[in-house]
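Per-entry structural report
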Amino acid sequence: MSKELPLESFVCQNPACPVQHRAQQGNIKLRRRYGPHHRRLLKCTTCGTEFSELKGTPYWNARCSQDTVDAVVNHVTHGNSFVTTAELVGCHRTTVARIVRTAGTHAQHLHDLNARDLQVTSIQADERYGFVGRKKEPAWDATVIDPSSKFLIQGEVGERTATLTRSLLVQARERLADPHGLVLFTDGFLSYQTLFPEVFGRPYRPARQGTRGRFPKTAYRVPRSSAHVRIIKEYAGKRVVSVRTEIAAGTRTRVHEELQRLGYRKPNTSAVERQNATARRMNPHLARKSLAFARLTVHRVSLAHLVQGTYNWCRTQRGLRKKLDVPRGRQQYLQRTPAMAIGLTDRVWTLRAWLSRPRGVSCRA
């Protein structure tokens, strides 16, 4: 059984409460315990609202046990389809779909709450092909990742257009502590080159020529601390025959400085490309040559958020391990998740502990 969260970790979710969504206020008290599992009924002493400790989590009103919810999330984020997961867990596929929708919404909320003020100096962006319902309805997964920590900064699902690219870059910019001091590595998709100055540049008003006519439109200047590098692949049929690199914005000095920090010999998008392969193993909707594709857009988006959350907080990566100064018995390395590597937390979160975080409660250390 997982350890109970302290009362200071809970927040009141009553919109009329003066301390709504504020933790560590000392306003949450234990009212009583209820049910066969002895759940805690909490009370806000400020507004008098009573609520369950499961309120604001995927376990609330799930109509099944917490173990069932954990098993469903664990199976679907290991590449199992909804039907296969239902058979393994012993429930109906509609129950699996309902849990995925609820847990996916919760994962999106936790990501929005915790992925803020990220200290990164470079990001990589790419898209992977997918569809909803049928192949005529494309639903690409656009991703922005920090190549140093492998942390997924932002993910968007939709048709591969400039609108999707704009939403991806704008949302990623809002999560960065310094959006004007990074290098963006992308493929040859032209929308990145067009939108980079607007999203990561500094706006200014060009001088007006003369005294008549319209005023010039707002222009954007790319700071010297930023750069955009395009890795363009040339194909012959379905095979890559050559790869060329192009600095679309910024200076060669800034790009070289970032490559040295990352330990790269030449510009590449290896981090996001490897994450694409990992995502296809974790998400059944992205498995190639499979019947486990998403029938509904809501399931496609919910599972994408759920996979992103478990990848960042609950799954350790061998490439992120850190050698211990003092070995702990036979343990020579500290296994880390992307959230640990980027500095958001100091421990590997279990699935139960991560899903049990109520709305408004941060996971950051």
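Going by what an unreviewed UniProt entry lists, the chain is known as IS1 transposase and is assigned to Deinococcus sp. VB142.

This brings us to a nonpolar patch on the surface. Taken together, the side chains of Tyr 235, Val 240 and Val 243 present a nonpolar region at the surface, about 300 Å² in accessible area. Structurally, Val 243 can be placed in strand 13 (residues 239-249). Given the relative accessible area of 51%, Val 243 is considered exposed.

Among the nonpolar cores identified, the biggest contains 68 residues, and Leu 118, Ile 153 and Trp 354 are the most heavily contacted of them. With seven residues, the top contributor of residues to this core is helix 3 (residues 93-114). Ignoring sequence-local partners within four residues, the contact set of Ile 153 consists of His 111, Leu 118, Val 120, Ile 123, Val 144, Ile 145, Asp 146, Ala 172, Arg 175 and Leu 176. By size, the runner-up hydrophobic cluster in this structure holds nine residues, among which are Phe 10, Cys 17, Leu 42 and Phe 51.

Once that is clear, we can look at helix 5 (residues 190-200). Residues of helix 5 that are buried: Ser 191, Tyr 192, Leu 195, Phe 196, Val 199 and Phe 200. What you see down the axis of helix 5 is that its buried residues fit within an arc of 130 degrees, all on one side. Exposed and facing more than 90 degrees away from the buried side of helix 5 are Leu 190 and Thr 194. Elements in contact with the buried residues of helix 5: strand 4 (122-128), helix 4 (162-174), strand 9 (183-186), strand 10 (202-204), strand 12 (227-236) and strand 13.

For the pair helix 7 (residues 270-282) and helix 8 (residues 297-313), the least separation of the axes is 11 Å and the interaxial angle reads 115 degrees. For the crossing formed where helix 7 meets helix 8, the hand is right-handed. From helix 7, Gln 275, Thr 278 and Met 282 reach across to helix 8, where they touch Val 307, Thr 310 and Tyr 311. Of the residues belonging to the contact of helix 7 with helix 8, the class tally is three nonpolar, three polar and no charged.

Each value, and the rule that gives it
Residues numbered from 1 in each chain as written. Predicted model: local features only at pLDDT ≥ 70, side-chain atom pairs only at ≥ 80, totals over all residues. Heavy atoms only, no water. Patch = residues over 30% accessible without salt bridge, like charges linked within 9 Å, V, L, I, M, F, W, Y side chains within 5 Å. Areas by Shrake-Rupley, 256 points an atom, 1.4 Å probe, with all protein chains shown as cover. Salt bridge = Lys/Arg side-chain N within 4 Å of Asp/Glu carboxyl O. Helix = DSSP H or I, 4+ residues; strand = E, 2+ residues; numbered from the N terminus. Buried < 20%, exposed > 50% of the residue type's maximum accessible area, 1.4 Å probe, protein only. Core = buried A, V, L, I, M, F, W, Y, C linked by side-chain atoms within 4.5 Å. Contact = heavy atoms within 4.5 Å. Arc of directions from axis to C-beta. Axes fitted to C-alpha atoms, helices over the stretch in contact; angles between N-to-C directions. Left-handed = near helix turned anticlockwise from the far one by under 90°. Nonpolar A, V, L, I, M, F, W, Y, C, P; charged D, E, K, R; others polar.

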